Amino acid sequence: MVLVSRNKTLKVPVDCLNNQQGSALIIVLIVMAVLTLVGLSAINTATVENKIVRNERIYQENFYLAESSVNEAAQKIENETDRDNLLPSSAAWISDDSSGLDFKDPGNWMSDNSEQAAISNQALYSTVSKGVHKGSSLDIGDTSTRLYEYAVFGHGQSQNGSVIVEIGYLKRF
């Protein structure tokens, strides 16, 4: 306790703990610390969101590459009029079902069993011939032509991303 005197006749005790001077500085420092934490959290959230958007863009780009290559292969099958060109022995991009190639594995996409799509050098397509399709509602009893079944694969790969698309395709010849 400190005694302060005025005119040296009156002595009044003053408590140092009730002194309010400097409390605004402490409050401002606490508010600044909280705002800094909120700002750092916002920066972290924005960084994560940017990575998500970048990954989604890469995925979409690769998906569209793979989808366009699948469509190109299906169109190539549809436009082919010579039956012999759609058999695995005559086309490098058509494999036999018994070959055991799993095109769902990106490691199996090599130049000797796939073909580069016209859309991009980062898009490939390949087809697996499943042979004559059995038991189909499309089978109208015509024995002069048969319904052949294909699994058509497209592969898009760019910017450290990869997407593989598979569709089924039936063609009568």
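Heads up: these notes are all about the structure in this document. (Residues numbered from 1 in each chain as written. Predicted model: local features only at pLDDT ≥ 70, side-chain atom pairs only at ≥ 80, totals over all residues. Heavy atoms only, no water.)

1. Considering the overall build of the protein
Argument step 1. Along the backbone of the protein there are one helix and seven strands.
Argument step 2. Secondary structure elements of the protein, listed N to C terminal, follow the sequence β-β-α-β-β-β-β-β.
Argument step 3. Here the protein, with 173 residues, has 26% of them falling under the buried criterion.
Argument step 4. Long-range contacts, defined here as pairs at least 24 residues apart, represent 55% of the contacts in the protein between residues at least 6 apart.
Argument step 5. A total of about 11,900 Å² of accessible surface is found on the protein, and carbon and sulfur atoms cover 55% of it. (Helix = DSSP H or I, 4+ residues; strand = E, 2+ residues; numbered from the N terminus. Buried < 20%, exposed > 50% of the residue type's maximum accessible area, 1.4 Å probe, protein only. Contact = heavy atoms within 4.5 Å. Areas by Shrake-Rupley, 256 points an atom, 1.4 Å probe, with all protein chains shown as cover.)

2. A look at the pairing of strand 5 (residues 123-132)
Argument step 1. Strand 5 sits mainly inside the fold: seven of its ten residues count as buried.
Argument step 2. Judged from the three bridges that link them, strand 3 (residues 94-96) and strand 5 form a sheet pairing that is parallel. Bridged to Asp96 within strand 5 is Ser129.
Argument step 3. Two strands pair when backbone bridges link them, and strand 4 (residues 115-116) and strand 5 are joined in this way by two bridges, in the antiparallel orientation. Counterpart to Gln116 in the pairing with strand 5 is Leu124. (Pairing = 2+ DSSP bridges.)

3. Quick notes on helix 1 (residues 23-79)
Argument step 1. Relative to the 84 Å expected for 57 residues at 1.5 Å per residue, helix 1 spans 84 Å between its end C-alpha atoms, a close match to the ideal helical length.
Argument step 2. Within helix 1 the residues assigned to the buried category are Ile58, Asn62, Leu65, Ala66, Ser69, Val70, Ala73, Ala74 and Ile77.
Argument step 3. In this structure, the buried residues of helix 1 make contact with strand 5, strand 6 (147-158) and strand 7 (161-172). (Expected span 1.5 Å × (residues − 1).)

4. A closer look at a nonpolar patch on the surface
Argument step 1. Together, Leu25, Ile26, Leu29, Ile30, Val34 and Val38 make up a nonpolar patch on the protein surface, roughly 580 Å² of accessible area in all.
Argument step 2. Position of Ile26 relative to the elements: it lies in helix 1. (Patch = residues over 30% accessible without salt bridge, like charges linked within 9 Å, V, L, I, M, F, W, Y side chains within 5 Å. Salt bridge = Lys/Arg side-chain N within 4 Å of Asp/Glu carboxyl O.)

5. Some thoughts on the packing of aromatic side chains
Argument step 1. The tally for this structure, following the rule as stated, stands at six aromatic pairs.
Argument step 2. Measuring from ring centre to ring centre gives 6.2 Å for Tyr59 and Phe63, while their planes differ by 25°; the resulting arrangement is stacked. Of this pair, Tyr59 and Phe63 are both found in helix 1, four residues apart, which corresponds to roughly one turn of the helix.
Argument step 3. Centre to centre, the rings of Phe103 and Phe153 are 5.4 Å apart; their planes meet at 40°, and the pair counts as tilted. Here the residue Phe103 occupies a position in the loop between strand 3 and strand 4, and Phe153 occupies one in strand 6, the gap between them amounting to 50 residues. Considered together, Phe103 and Phe153 belong to a single accessibility category, that of buried residues. (Phe/Tyr/Trp six-rings, centres within 6.5 Å; stacked < 30°, edge-to-face > 60°.)

6. A look at the pairing of strand 7
Argument step 1. As paired strands, strand 6 and strand 7 are joined by twelve bridges and run antiparallel to one another. Residue pairing in the sheet places His155 in a bridge with Ile164 of strand 7.
Argument step 2. In this antiparallel pair of consecutive strands, strand 6 and strand 7, the connection spans two residues, and Gln159 shows a positive phi of 50°.

7. Examining the pattern of salt bridges
Argument step 1. Evaluated as defined, the whole model comprises four salt bridges.
Argument step 2. Where Glu61 meets Arg57, a salt bridge forms, and the shortest distance between an N and an O atom there is 3.8 Å. Of this pair, Glu61 and Arg57 both sit in helix 1, four residues apart, which is roughly one turn of that helix.
Argument step 3. Between Asp97 and Lys130 there is a salt bridge whose closest N-O contact spans 3.6 Å.

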